[in-house]
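# Structural overview for review
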Amino acid sequence: MSNQKIVVVGSCNTDMVIKADRLPIPGETIIGGSFFMNPGGKGANQAVAAARLGGRVSLISKTGNDVFGKQSVVLFNSENVNTDFIFSDSKLPSGVALITVDANGENSIVVASGANANLKPADVDAAYKALEYSDIVLMQLEIPIETVEYVAKKAFEKGKKVILNPAPAQALSNSLLKHLDIIIPNKNEAEMLSGIKVVDIESAKEAATVIANKGVDKVVITLGSKGALVLDEGEFSFVPSIKVEAIDTTAAGDTFCGAFSVGLAEGKSIIESVEFAVKASAITVTRMGAQASLPYRSELFQVE
Ligand code: RIB
């Protein structure tokens, strides 16, 4: 089995999570339940998910020179994520996310980006070794868009497989889309990119077609508890989800992207990689937290 190298370029946060019966409406204070802190950030979650599932992973990221940043590096080392390219910002604090999770496992998240907002193309140049020796480059949108565009162009031109999880949702330039091999939006992000409201498989197909026509070869739209729609060079496939009781959906998308990248790194096809990712994210939603909930490879055998 081949095992190509994955580099994740993305954010690193510390998540402050409160479980509540429901999410508050604007202006409202509600009394929640338990509080806990655990490591998060879409970039770090995807890197740790990939490493736990057997990937060879480096993370290019930026933290503050503070206790959260230092803790993150210690944790990544214990997860076998290469930390040689985690930079420390002398002025900005580490990223923090405030998360509320309701009784159905749905969440609302506010991120204070801190040092993540200062991960610049110059940092990527300083981490050129990680990029140079990687086969797969995985990114999200919790770092500056100029950095995402810079990495995508550079990596694409060098023949790396470039994957973007466009979260949190924002409009993207056609030039960025042309430098991607695969894009993995959820339904809201797909709507933002295509202008089509994604409510079912048919509308997901329409949205995927619009996105593909902007220059990305392969589009995978994650549809939460329904499954995932794949458009691969003009052909649609649908992979249904695995029915589980969701406790907390935080990092389900991150698990999906990390697992999908591991699948590709191991030489699996796009569909096999999506099936692998669907299994992994089904485990994540049954547990609380972001990195606290990410599955290990051995656990995947228990999921049908
Ligand atoms: O995708 C979940 C993540 O989004 C959380 O871990 C939080 O830190 C935010 O980045």
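None of these values were measured; they are calculated from a predicted model. (Residues numbered from 1 in each chain as written. Predicted model: local features only at pLDDT ≥ 70, side-chain atom pairs only at ≥ 80, totals over all residues. Heavy atoms only, no water.)

Right, let's talk about a nonpolar patch on the surface for a bit. The grouping of Ile18, Phe35 and Met37 at the surface amounts to a nonpolar patch, some 280 Å² of accessible area in total. Inspection of the secondary structure puts Met37 in strand S3 (residues 35–40). Residue Met37 is classed as partly exposed on the basis of its relative accessible area of 41%. (Patch = residues over 30% accessible without salt bridge, like charges linked within 9 Å, V, L, I, M, F, W, Y side chains within 5 Å. Areas by Shrake-Rupley, 256 points an atom, 1.4 Å probe, with all protein chains shown as cover. Salt bridge = Lys/Arg side-chain N within 4 Å of Asp/Glu carboxyl O. Helix = DSSP H or I, 4+ residues; strand = E, 2+ residues; numbered from the N terminus. Buried < 20%, exposed > 50% of the residue type's maximum accessible area, 1.4 Å probe, protein only.)

Glancing now at the site of the ligand. Around the ligand sit 14 residues in total, of which Asp15, Gly41, Lys42, Glu142 and Asp254 are the nearest. At a separation of 2.6 Å, an oxygen atom of the ligand approaches a polar side-chain atom of Asp15. Asn45 places a side-chain nitrogen or oxygen 3.0 Å from an oxygen atom of the ligand. Considering the ligand on its own, with 280 Å² of exposed area, one finds that the protein chains cover 96% of that surface. With respect to the pocket detection grid, the ligand is positioned in the largest pocket. Only strand S2 (13–19), helix H1 (42–52) and strand S8 (107–112) provide two or more residues apiece to the shell around the ligand. Its residues assigned to classes, the shell around the ligand shows five nonpolar, five polar and four charged. (Near = heavy atom within 4 Å. Polar contact = N/O pair within 3.5 Å; in protein donor to acceptor, adjacent residues only side chain to side chain. 1 Å grid on protein atoms, 1.4 Å probe; cavity = no way out; pocket = protein on both sides within 12 Å on 5 of 7 lines; lining within 4 Å. Sits in = over half its atoms within 2 Å of the grid points. Nonpolar A, V, L, I, M, F, W, Y, C, P; charged D, E, K, R; others polar.)

A separate point is the pairing of strand S13 (residues 227–232). With five of six residues buried, S13 lies mostly within the body of the structure. In this structure, strand S12 (residues 218–222) lies alongside S13, joined through five bridges in antiparallel fashion. Looking at S13, one finds that Val219 is bridged to Leu231. Hairpin connection of S12 to S13: four residues between the antiparallel strands, including Gly224 at a positive phi of 55°. Bridge analysis of S13 against strand S14 (residues 235–240) gives six bridges, and the strand direction is antiparallel. Within S14, the residue paired with Ala228 across the bridge is Val239. Turn length for the S13-S14 hairpin, with the two strands adjacent in sequence and antiparallel, is two residues, and the turn residue Glu233 shows positive phi of about 45°. (Pairing = 2+ DSSP bridges.)

In this structure, Val220, Phe260 and Val274 are the most contacted members of the largest nonpolar core, which totals 44 residues. The dominant element in this core, judged by the number of residues it contributes, is helix H10 (residues 270–284), at eight residues. Not counting residues within four places of it along the chain, the set of residues in contact with Phe260 comprises Ile163, Ile182, Ile184, Val220, Ile270, Ser273, Val274 and Ala277. Of all hydrophobic cores here, the second largest spans 40 residues; its members include Val151, Leu177, Ile196 and Leu229. (Core = buried A, V, L, I, M, F, W, Y, C linked by side-chain atoms within 4.5 Å. Contact = heavy atoms within 4.5 Å.)

The subject of this paragraph is the pattern of salt bridges. Tallied over the full model, the rule gives 14 salt bridges. The partner of Lys154 in a salt bridge is Asp125, with the nearest N and O atoms 3.2 Å apart. You can see Lys154 sitting in helix H5 (residues 145–157) and its partner Asp125 sitting in helix H3 (residues 121–126), a full 29 residues away along the chain. Taking the relative accessible area as the measure of exposure, Asp125 reaches 34% and is therefore partly exposed. The partner of Glu202 in a salt bridge is Lys205, with the nearest N and O atoms 3.6 Å apart. Within this pair, Glu202 and its partner Lys205 are both found in helix H8 (residues 201–213), separated by three residues, close to a single helical turn. Residue Lys205 is classed as partly exposed on the basis of its relative accessible area, which comes to 25%. A network of salt bridges, in which partner residues are shared, links Lys62, Asp89 and Asp123.

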